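Letter by letter, the chains look like this.
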Amino acid sequence: MEKETFIFDRNLFQKADQVRKRFCKDEVHLRGIIEFSNHCCRNCLYCGLRRDNKNITRYRMEPGEIAGLAVKIVAKGVNTIVLQSGDDFYYTQKSLGRIIGEIKQRTGAAITLSIGERPLDDYRAFRDSGADRYLLKHETSNPALYRILHPGQALKQRLKILEYLKKIGFQIGSGNIVGLPNQGIKDLVRDVLFLKELDVDMAGIGPFIPQKDTPLAAQPPGDLDLTLRILAMARILTKNAHLPATTALASLDRKNGQLRALRSGANVIMPDFTPVGYRKDYRIYDNKIGLSLRKAKEIISKAKRTISRGRGDSLKKRP
Ligand code: 5AD
C-alpha cells in the first residue's frame, strides 16, 4: 500500500492498538513532568515561550525547589521525572548537573531532560550526572518549513544532536507537531519515517495549537483525527517505542483526546506536577491543560489498562 493511503486505512487505530498490545503489553507508564522555567532564548513561531513574547510572566524554579518536588513525585509512585523548560542558559552545565545529581541520589528515579539545544559538552555532563533520557522533538522533518518556524535554527543541527545523544548513551525521544501551517500529508509521513529511521526510544506526537501571542495566532489548530492517525502510524512503524498520549491532544478534546490516543497506539501519559503558581505561565499554546495524577490514572483505568510500577525504560535493544 502507498504510504500516504495507509494513513487513511479504515482499521488503522485497531491495527495500531494490536501492535501496541503485542510489543508494549497493557502497561501504561507515568512520567511526572516539572516545567521548571519558561524563559527561552529561541523564537519559534508557534510557541508562546518564544523570546519576543512580552505578554507572559517569566519564572524560574530554584534548584532546591525542583529537587524537592521531584522527591514528592517519586513518593507518589511515579518513577520517571521529566525536567522541561525553554532553552534557558541561566541554568549552567554545573547547576543543572547538580540538580540532576541530587534528584538521582535522593530518588533513584529515571531522569528525562527536555531542555532544548545546548553545546554537546553539556549533554555529556548531564549524562554523567545521572540523566537517563533526552527529549528533543524534530517538530517537522521538512527542512524548509523547519527553517521558517525556527529562526536561526536548522533541522540538520537537531539531527546531529539526536545522534550524539544516542551515541553517549541517552535513551532518546523525538516527535513532531501535526497541522502546522503549510504542512502536507507527505511531510507527516516523512515525520513518521524519520522516527523509525532514527530508531527513537520515545516519540511525542501532538497537534498544533495556536497561541495568541505568537505570529501563528490566527492559524487553525491541527486536526484531532489526523493527529491520532499519525500517532497510530508511528506505533505500527516503530513497534515498541514509548509513545505518550500528549497533553496537546487533551487540549483539542478534553474528554476523550488522551483516551483515544491510548487506544490508537499510545502507552505513556505525563501528569503535570509544575506548581500551580507557575503553571499558568507555561503557555506554550492556548488552553493548555494541567493533567493531574488522579486524572491520568482515571484515563488509564477507562482504557482498561494497568499502571506500570517500573521505570519504563526503553524497550529497544541497543548494541
Ligand atoms: N502547538 C503544539 N505544540 C507546541 N509545542 C510548542 N508550541 C506548540 C504549539 N503552539 C510543543 C513542541 C515542543 C513541546 C514542548 O511543545 O513540540 O517540543
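Described below are features of the structure shown in this document. Please read these numbers as outputs of a predicted model, since none were measured by experiment.

A few points about the overall build of the protein
Thought 1: Scanning the protein for helices and strands turns up 13 helices and 9 strands.
Thought 2: What you see for the protein is a C-alpha radius of gyration of 18 Å, in line with the 20 Å of a compact globule of 319 residues.
Thought 3: Projected onto the principal axes, the alpha-carbon positions of the protein cover approximately 50 × 40 × 40 Å.
Thought 4: The proportion of buried residues among the 319 residues of the protein is 59%.

Topic: the pairing of strand β7 (residues 202–207)
Thought 1: Counting buried positions along β7 yields 6 of 6 residues, so the element is predominantly enclosed.
Thought 2: When strand β6 (residues 171–178) meets β7, the two strands line up parallel, connected through 6 bridges. Residue pairing across strands places Ile177 opposite Gly206, the latter belonging to β7.
Thought 3: Handedness of the crossover is the feature at issue here: the chain leaves β6, passes through helix α8 (residues 185–198), returns alongside β7, and the resulting connection is right-handed.

Quick notes on the nonpolar core
Thought 1: Ranked by size, the top nonpolar core spans 79 residues in total, and within it Ile34 and Leu83 carry the most contacts.
Thought 2: Sorting elements by how many residues they give to this core places helix α9 (residues 224–238) first, with 10 residues.
Thought 3: Leu83 has contacts with Ile34, Phe36, Ile66, Ile99, Ile103, Ile111, Thr112, Leu113, Ser114 and Ile115, leaving out every residue within four places of it along the chain.
Thought 4: Cys47, Leu49, Leu145 and Leu180 belong to the second-largest nonpolar core, a separate cluster that totals 15 residues.

Digging into the site of the ligand
Thought 1: Looking at the ligand, the residues that line it are Tyr46, Cys47, Gln84, Lys137, Glu139, Ile177, Pro207, Phe208, Ile209, Ile284 and Tyr285.
Thought 2: Glu139 places a polar side-chain atom, nitrogen or oxygen, 2.6 Å from an oxygen atom of the ligand.
Thought 3: Note that a nitrogen atom of the ligand is positioned 2.7 Å from one of the backbone N or O atoms of Ile209.
Thought 4: When isolated, the ligand has an accessible area of 400 Å², and the protein chains bury 86% of it.
Thought 5: Its residues assigned to classes, the shell around the ligand comprises 8 nonpolar, 1 polar and 2 charged.

Scoring rules and cut-offs
Residues numbered from 1 in each chain as written. Predicted model: local features only at pLDDT ≥ 70, side-chain atom pairs only at ≥ 80, totals over all residues. Heavy atoms only, no water. Helix = DSSP H or I, 4+ residues; strand = E, 2+ residues; numbered from the N terminus. Rg over C-alpha atoms; globule rule 2.2 N^0.38 Å. Buried < 20%, exposed > 50% of the residue type's maximum accessible area, 1.4 Å probe, protein only. Pairing = 2+ DSSP bridges. Right-handed = clockwise from strand over helix to strand, strands pointing away. Core = buried A, V, L, I, M, F, W, Y, C linked by side-chain atoms within 4.5 Å. Contact = heavy atoms within 4.5 Å. Near = heavy atom within 4 Å. Polar contact = N/O pair within 3.5 Å; in protein donor to acceptor, adjacent residues only side chain to side chain. Areas by Shrake-Rupley, 256 points an atom, 1.4 Å probe, with all protein chains shown as cover. Nonpolar A, V, L, I, M, F, W, Y, C, P; charged D, E, K, R; others polar.

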